[in-house]
Amino acid sequence: SQTIHQWPATLVQPVGSPLSLECTVEGTSNPNLYWYRQAAGRGLQLLFYSVGIGQISSEVPQNLSASRPQDRQFILSSKKLLLSDSGFYLCAWSAGQGISEQYFGPGTRLTVT
Amino acid sequence: ELKVEQNPLFLSMQEGKNYTIYCNYSTTSDRLYWYRQDPGKSLESLFVLLSNGAVKQEGRLMASLDTKARLSTLHITAAVHDLSATYFCAVSLGNQFYFGTGTSLTVIP
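Definitions and cut-offs
Residues numbered from 1 in each chain as written. Chains lettered and ligands numbered in written order. Predicted model: local features only at pLDDT ≥ 70, side-chain atom pairs only at ≥ 80, totals over all residues. Heavy atoms only, no water. Contact = heavy atoms within 4.5 Å. Buried area = accessible area lost by both parts, 1.4 Å probe. Salt bridge = Lys/Arg side-chain N within 4 Å of Asp/Glu carboxyl O. Polar contact = N/O pair within 3.5 Å; in protein donor to acceptor, adjacent residues only side chain to side chain. Helix = DSSP H or I, 4+ residues; strand = E, 2+ residues; numbered from the N terminus. Nonpolar A, V, L, I, M, F, W, Y, C, P; charged D, E, K, R; others polar. Pairing = 2+ DSSP bridges. Buried < 20%, exposed > 50% of the residue type's maximum accessible area, 1.4 Å probe, protein only.

Colleague: Quick question: what am I supposed to make of the interface of chain A and chain B here?
Modeller: Interface size is commonly expressed as the accessible surface area that is lost when the partners come together. With 23 residues of chain A at the interface, the matching set in chain B holds 17 residues. Roughly 1500 Å² of surface becomes buried between chain A and chain B when both sides are summed, with 55% attributable to carbon and sulfur atoms. Across the chain A-chain B interface, the total number found is zero salt bridges. Seen at the junction of chain A and chain B, the total is seven residue pairs in polar contact (both at pLDDT 80 or more). For the side of chain A that touches chain B, the secondary-structure elements that each account for two or more residues are strand S4 (32-38), strand S5 (44-52) and strand S9 (87-94) of chain A. Residues belonging to the side of chain A that touches chain B are distributed by class as follows: eleven nonpolar, eight polar and four charged.

Colleague: Honestly, the pairing of strand S3 (residues 19-26) of chain A in this entry has me stumped. Any pointers?
Modeller: The side chains of a regular strand alternate between both faces of the sheet. Residues and elements named next belong to chain A. Both strand S1 (residues 3-7) and S3 contribute to a ladder of five bridges, which runs antiparallel. If you follow Thr 3 over to S3, its bridge partner there is Glu 26. Sheet analysis places S3 next to strand S8 (residues 73-78), joined by six bridges and oriented antiparallel. Within S8, the residue paired with Leu 21 across the bridge is Leu 76.

Colleague: What am I meant to see in the environment of A:Leu21 here?
Modeller: Residue and element names in this part refer to chain A. Along the polypeptide, Leu 21 turns up in strand S3. Taking the relative accessible area as the measure of exposure, Leu 21 reaches 0% and is therefore buried. When the C-alpha atoms of Leu 21 and Asp 71 are compared, they prove to be 16 Å apart, with 50 residues separating the residues in sequence. Leu 21 has contacts with Trp 7, Pro 8, Leu 11, Trp 35, Phe 74, Ile 75, Leu 76, Tyr 89 and Thr 108, leaving out every residue within four places of it along the chain.

Right, here's the structure in full:
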């Protein structure tokens, strides 16, 4: 069966510090991978998605970036965090082909102070 | 860009009552998803609706899809406290998923 991992689970970082969040998927090959952010009490904002290694599509211009160094690994980064980067970051995957639903990881709660 | 609207945004209902959450989307899509999110938790998949007229039921929740009207409904029957959560609908187009704003449901004893 497939599983998706995210770490860390929670993170408190000062403004201006760097960020690296990691997401890995097990039990599937060539998944589509997604990063979402959810502000407190709000809906999901798609940040990045990837259909393959090294292929990243950005949905919202911001100070965040994403990379996919391996087939089942997706990394969200920032060189300098802003207060507005606080939120709940969710990684998700879906099958690369055919009709498929999206499966979410447990999330990382980021607080920028 | 595909837009997905849910209503109501907030719903407070008494135990035992019935209610419906609506999800409208702006562009043709044959794939509609419903998710549940408990406070502080990730999203849990509830239903996947893949064709016009599709209906799926799980316990007190029933979801339906009308692709011609671009409308999906999530019907709650005889609500219980355990159903309190935020419910999201989502529509997929190609590789992307577009989410509604969510409906925060509170079931009051």
